[in-house]
Amino acid sequence: MGMDVFFASYLKYAIPLLLVSGLLILALDIKHFELTKMIKEKKVSRFLGWLNIMIACFLFVGSWILKKWG
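Quantities reported herein were computed from a predicted structural model and do not represent experimental measurements.

Here is what the cut-offs are and how they apply
Residues numbered from 1 in each chain as written. Predicted model: local features only at pLDDT ≥ 70, side-chain atom pairs only at ≥ 80, totals over all residues. Heavy atoms only, no water. Helix = DSSP H or I, 4+ residues; strand = E, 2+ residues; numbered from the N terminus. Buried < 20%, exposed > 50% of the residue type's maximum accessible area, 1.4 Å probe, protein only. Contact = heavy atoms within 4.5 Å. Areas by Shrake-Rupley, 256 points an atom, 1.4 Å probe, with all protein chains shown as cover. Expected span 1.5 Å × (residues − 1). Salt bridge = Lys/Arg side-chain N within 4 Å of Asp/Glu carboxyl O. Phe/Tyr/Trp six-rings, centres within 6.5 Å; stacked < 30°, edge-to-face > 60°.

Within the protein chain, the regular secondary structure consists of two helices and zero strands. Relative to its 70 residues, the protein chain shows a buried fraction of 21%. Nonlocal contacts in the protein chain, meaning residues at least 24 apart in sequence, comprise 68% of its contacts between residues at least 6 apart. Accessible area for the protein chain stands at about 5800 Å²; split by element, carbon and sulfur atoms hold 74% of it.

Here helix α2 (residues 39-69) spans 45 Å end to end across 31 residues, near enough to the 45 Å set by a 1.5 Å rise per residue. Every buried residue of α2 is listed here: Lys42, Ser45, Gly49, Asn52, Ile53, Ala56 and Ser63.

Our focus in this paragraph is the pattern of salt bridges. Using the criterion set out here, one finds one salt bridge in the structure. Between Lys42 and Glu34 there is a salt bridge, with the nearest N and O atoms lying 3.3 Å from each other. Here Lys42 falls in the buried class, since its relative accessible area comes to 19%. Under the relative-accessibility criterion, Glu34 is labelled partly exposed at 38%.

Turning to the side chain of Lys42, a few remarks are in order. Looking at where Lys42 falls in the secondary structure, it is placed in helix α2. Setting aside anything within four residues of it in sequence, one finds Lys42 in contact with Ile30, Phe33 and Glu34.

A few words on unusual backbone geometry. Although it is not a glycine, Lys37 sits at a positive phi angle of roughly 60°. Turning to its location among the elements, Lys37 is positioned in the loop between α1 (3-35) and α2.

Under the counting rule described, the total for this entry stands at one aromatic pair. Ring centres 5.8 Å apart and planes at 75° place the aromatic pair Trp64 and Trp69 in the edge-to-face group. The class for Trp64 is partly exposed, based on a relative accessible area of 45%. Overall, the relative accessible area of 64% leaves Trp69 in the exposed class.

Mapped onto the fold, Asn52 is located in helix α2. Exposure remark for Asn52: the relative accessible area of 16% places this residue in the buried category. What Asn52 contacts, discounting residues up to four positions off in sequence, is Leu18, Ser21, Gly22 and Ile25.

This is how it looks when you write it as structure tokens:
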């Protein structure tokens, strides 16, 4: 009972939170910044939304690989 238990239980919550927050940023914040003509904020929101989604995907694939072969 070491780092494996903490890592597995942490990912169970982190992956969906990162995925949902990334999707919400892309769906809501970008629309708001488009309407208010805030171009820089729109670019940053788009970057952060996709970054959250990519981190969630990498964590999911990484945890799957560790469970499968580790």
